[in-house]
Amino acid sequence: MAKKILFRADGSSGAGLGHLYRLFSLVETVKDTLEFVFVTHETSTASIIPKKYNIIFIPKEISTEDEPEWLVANFSPLEYIIIADGYQFTSVYQKQIKQKGYGLIYIDDLAKEHMFADVVINHSPYVQEQHYQKEGYASLALGTEYALLRPLFLKAAKKKRGINTLDSAFVCFGGSDPYNLTLKAVEALLQFHNFKNIHVVLGGAYRYNEVFKLKDKFPDKIYLHQNLSEKKLLEVMQECHFAIAPASTILYELCCVQMPIFSGFYVDNQELIYKGFLNHNAIYKGGNMRDYQVLDFANKLKDILKDKKFNSQLGAQRLMFDDKITGRLLNIIKKLC
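For clarity, every value in this text was computed on a predicted model and none was experimentally measured.

Okay, the overall build of the chain next. Along its length, the chain carries twelve helices and 15 strands. Relative to the 2.2 N^0.38 estimate, which gives 20 Å for 337 residues, the radius of gyration of the chain is 20 Å and therefore close to what a compact globule would have. Sorting the 337 residues of the chain into buried and exposed places 57% on the buried side. A separation of at least 24 residues holds for 63% of the contacts in the chain among residues at least 6 apart in sequence. For the chain, the exposed surface amounts to about 14,800 Å²; the carbon and sulfur share of it is 49%. On the chain, the mean spot of the 41 positive side-chain charges and the mean spot of the 37 negative ones are 7 Å from each other.

Here you go:
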């Protein structure tokens, strides 16, 4: 009998929500094939976890150091494997989990820890095997061949898209957007009359008010979206012909839809992804966006709008995703189950 899966990740306005969203994509990959439980800490922003999931909360008093003991007490290694995504799952944690007898898949994006997991998945198009230190038994699943994407986006990636003019924009800076880059990007876009519509997707942990005031000022131009389903997010992206987004999961999704994208990074875990997409000529160069102001976005947009060859970017994006990604991920998981 196949083992069940413990999906393990946390997310909040401070720590971001990317770890949760990446695991959601894997849940969608296995949900019709294998049984699973989604395990998250009581401090997580639970409202973004789909209600249909079987969710178990780790009590607040349980620390990361105590977690392996808590997991063993509640979920037998004979019945479950663990798929974990989060920076707290260090070498020490992974080693403890393995010593308890669990099969372990670790989702990584930093390539800094010594890996004790059975399988390490890093879907950055930049990282290579030499970036890793690991146990001899550990295997690596690297690059966009293992992209952690939801089914509708993988389906969209198979279709060829062409764009004639940059007249509608998409803006999203993740779950919490700690530097309020959303507002600065939208204010810059408003300076260019060719952008007739600006679609702004706000994350579940976004806490600023200014963009709502800006929407009131430009009600026929700015469209705000929150708590979008996979289907609705895809539909919004497909309405747009240009995007501004960081090198996180949202960048992968935008590349599946295919459009010219201005991207960069503002936290460490986005940098390797950014370098990979830049090396593939799939994005416009934004670099470190942490200190970006409205003028920085506006100056970059001026240069982008002069470029008449943006469809070559779409071709580069198409080459990064094939139609076997779901099968590869499912095979990795089934081997441990």
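This part covers the pattern of salt bridges. In this structure the tally under the stated criterion is twelve salt bridges. Close ionic contact of Lys 31 with Glu 28 constitutes a salt bridge, the shortest N to O distance being 2.7 Å. Ionic pairing is found between Arg 150 and Glu 253, a salt bridge with its closest N-O pair at 3.0 Å. Of the two residues, Arg 150 is situated in the loop between β9 (139-142) and α4 (151-157) and Glu 253 in helix α8 (residues 249-257); the sequence distance between them amounts to 103 residues. Residues Arg 150 and Glu 253 agree in their burial class; the two are buried. Salt bridges here are not isolated pairs; linked through shared partners, they connect Arg 8, Asp 10 and Glu 67.

Our next topic: unusual backbone geometry. Phi at Asn 227 takes a positive value of approximately 55°, unusual for a residue other than glycine. With respect to the helices, strands and loops of the structure, Asn 227 is situated in the loop between β12 (222-226) and α7 (230-238). In this model, Gln 258 sits at a positive phi of 80°, which is unusual for a non-glycine residue. Its location among the elements puts Gln 258 in the loop between α8 and β14 (261-265). Here Gln 258 falls in the buried class, since its relative accessible area comes to 0%.

With that out of the way, let us pick up the packing of aromatic side chains. Tallying each qualifying case throughout the model produces 21 aromatic pairs. Centroid distance Phe 262 to Tyr 292: 6.4 Å. Interplanar angle 35°. Geometry classified as tilted. Here Tyr 292 lies in the loop between β15 (284-288) and α10 (294-306) and Phe 262 lies in strand β14, a separation of 30 residues in the sequence. With respect to burial, Phe 262 and Tyr 292 carry one shared label: buried. Considering the side-chain rings of Phe 265 and Tyr 274, the 5.4 Å spacing of their centres and the 55° angle between planes classify their relative orientation as tilted. When sorted by exposure, Phe 265 lands in the same class as Tyr 274, which is buried.

Bringing the sheet that holds β15 into the picture now. Strands sit in the order β12-β11-β10-β13-β14-β15 across an open sheet of six strands; the sheet is parallel. Single-partner strands in this sheet number two, and they are β12 and β15. Pairs of neighbouring strands in the sheet enclose a mean axial angle of 15°, with direction left out of account. Pairing of strand β10 (residues 168-172) with strand β13 (residues 242-246), which is carried by three bridges, proceeds in the parallel orientation. Along β13, the bridge assignment pairs Ala 169 with Phe 242.

Moving on to the side chain of His 19. With respect to the secondary-structure elements, His 19 resides in helix α1 (residues 18-30). Of note is the side chain of His 19, whose polar atom sits 2.6 Å from the side chain of Asp 85. Beyond its immediate sequence surroundings of up to four residues, His 19 is in contact with Ala 9, Asp 10, Asp 85, Gly 86 and Tyr 87.

Moving on to the packing of helix α5 (residues 181-189) against helix α6 (residues 210-217). The geometry of α5 relative to α6 is characterised by a closest axis approach of 9 Å and an angle of 25° between their N-to-C directions. On the basis of the axis angle, α5 is roughly parallel to α6. Every residue of α6 that contacts α5 at Thr 182, Leu 183, Val 186 and Glu 187 is listed here: Glu 210, Val 211 and Leu 214. Along the lines of polarity and charge, the residues of the contact of α5 with α6 split into four nonpolar, one polar and two charged.

Moving on, we come to helix α9 (residues 271-279). Inspection of α9 places Leu 272, Ile 273, Tyr 274, Gly 276 and Phe 277 among the buried residues, and these make up the whole buried set. In this structure, the buried side of α9 is in contact with α8, β14 and β15. Looking one or two places after α9, you find Asn 281, whose phi comes out positive at around 55°.

Conventions and cut-offs
- Residues numbered from 1 in each chain as written.
- Predicted model: local features only at pLDDT ≥ 70, side-chain atom pairs only at ≥ 80, totals over all residues.
- Heavy atoms only, no water.
- Helix = DSSP H or I, 4+ residues; strand = E, 2+ residues; numbered from the N terminus.
- Rg over C-alpha atoms; globule rule 2.2 N^0.38 Å.
- Buried < 20%, exposed > 50% of the residue type's maximum accessible area, 1.4 Å probe, protein only.
- Contact = heavy atoms within 4.5 Å.
- Areas by Shrake-Rupley, 256 points an atom, 1.4 Å probe, with all protein chains shown as cover.
- Lys, Arg positive; Asp, Glu negative; His and termini not counted.
- Charge placed at Lys NZ, Arg CZ, Asp CG, Glu CD.
- Salt bridge = Lys/Arg side-chain N within 4 Å of Asp/Glu carboxyl O.
- Phe/Tyr/Trp six-rings, centres within 6.5 Å; stacked < 30°, edge-to-face > 60°.
- Pairing = 2+ DSSP bridges.
- Axes fitted to C-alpha atoms, helices over the stretch in contact; angles between N-to-C directions.
- Polar contact = N/O pair within 3.5 Å; in protein donor to acceptor, adjacent residues only side chain to side chain.
- Parallel < 35°, antiparallel > 145°, perpendicular 65-115°, else oblique.
- Nonpolar A, V, L, I, M, F, W, Y, C, P; charged D, E, K, R; others polar.

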